[in-house]
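Here is how the chains run, residue by residue.
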Amino acid sequence: QFKLGRTETIRSASIQSDAFVKAALDPTTSVERKVSLMKAALDFQVETAHQTRNGQGFDRHLFGLRMMALELGLPEPELFKDETFLESKRFRVYTSQIPGFKGMMVGCAPYHSIKDGYAVLYAMSGDDCHYVLSSFNDCPETDCVRFASALDQSLHDLTSLVSLLPVSAKL
């Protein structure tokens, strides 16, 4: 939808996704509550993705502001030096979808400045999710084998919960 291939970041962290993840990890939370919170998180994510695709995201707008200041020789706006802003740009898990998956996967690296991060390239094909993980092998905190195991278990758990949604609510 963007001229000349412009992209935008669709942020997955939200109050709704946080509430769902906490409930999903809590063995005392009922399945019904987990399903309800998952649906709320999914609904919010779908709406956020829709808004972002229609130019309502903020990452590229802020990037444009920063680049304009640099090109005009102006001082970098203070916003870009703020600790909270800098932390909001630190993606420990970078994900990217490959639309139109045809059976071949390539990899990508985590952001170069985030040594304790991961990159996840993924593609959906029917009921299957294919993915490639990468991390920097000189970082003792990252372990792609352990990450893949946790991701597989999480996808299995999510599949079980999605199967409990009413048919009309499924994506």
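Note that the structure is predicted; figures quoted are calculated from it, not measured.

*Asks:* Talk me through the overall build of the chain; I want residue IDs and the actual numbers.
*Replies:* Scanning the chain for helices and strands turns up 5 helices and 3 strands. Order of helices (α) and strands (β) in the chain, N terminus to C terminus: α-α-α-α-β-β-β-α. The principal-axis extents of the C-alpha atoms in the chain amount to approximately 55 × 40 × 35 Å. A burial count over the chain gives 22% of its 171 residues as buried. Carbon and sulfur atoms form 59% of the exposed surface of the chain, whose accessible area is close to 12,100 Å². Each charge class in the chain was averaged separately, 18 positive and 21 negative side chains, and the resulting centres sit 5 Å apart.

*Asks:* Describe the environment of D82, and please don't skip the residues or the numbers.
*Replies:* By the secondary structure assignment, D82 is in the loop between α3 (59-71) and α4 (83-88). Here D82 falls in the partly exposed class, since its relative accessible area comes to 37%. Here the side chain of D82 touches T84 through a polar contact of 2.9 Å, landing on its backbone nitrogen.

*Asks:* Give a description of a nonpolar patch on the surface that names residues and reports values.
*Replies:* A cluster of nonpolar side chains, contributed by M68, L72 and L74, occupies part of the molecular surface with about 330 Å² of accessible area. By the element assignment, L74 lies in the loop between α3 and α4. On the basis of relative accessibility, which here comes to 47%, the residue L74 falls in the partly exposed class.

*Asks:* How would you explain the sheet that holds strand β1 (residues 93-97) if you had to name every residue and give the values?
*Replies:* The strand order across the open sheet formed by 3 strands is β1-β2-β3, and the pairing between neighbours is mixed. Each having just a single partner strand, β1 and β3 (128-135) make up the two edges of the open sheet. Across the sheet, the mean angle from the axis of one strand to that of its neighbour is 20°, orientation sign disregarded. Along the sheet, helix α5 (residues 144-162) contacts β1, β2 (118-125) and β3; its crossing angle with β3, the most-contacted strand, is approximately 155°.

So, how was this worked out
Residues numbered from 1 in each chain as written. Predicted model: local features only at pLDDT ≥ 70, side-chain atom pairs only at ≥ 80, totals over all residues. Heavy atoms only, no water. Helix = DSSP H or I, 4+ residues; strand = E, 2+ residues; numbered from the N terminus. Buried < 20%, exposed > 50% of the residue type's maximum accessible area, 1.4 Å probe, protein only. Areas by Shrake-Rupley, 256 points an atom, 1.4 Å probe, with all protein chains shown as cover. Lys, Arg positive; Asp, Glu negative; His and termini not counted. Charge placed at Lys NZ, Arg CZ, Asp CG, Glu CD. Polar contact = N/O pair within 3.5 Å; in protein donor to acceptor, adjacent residues only side chain to side chain. Patch = residues over 30% accessible without salt bridge, like charges linked within 9 Å, V, L, I, M, F, W, Y side chains within 5 Å. Salt bridge = Lys/Arg side-chain N within 4 Å of Asp/Glu carboxyl O. Pairing = 2+ DSSP bridges. Axes fitted to C-alpha atoms, helices over the stretch in contact; angles between N-to-C directions. Contact = heavy atoms within 4.5 Å.

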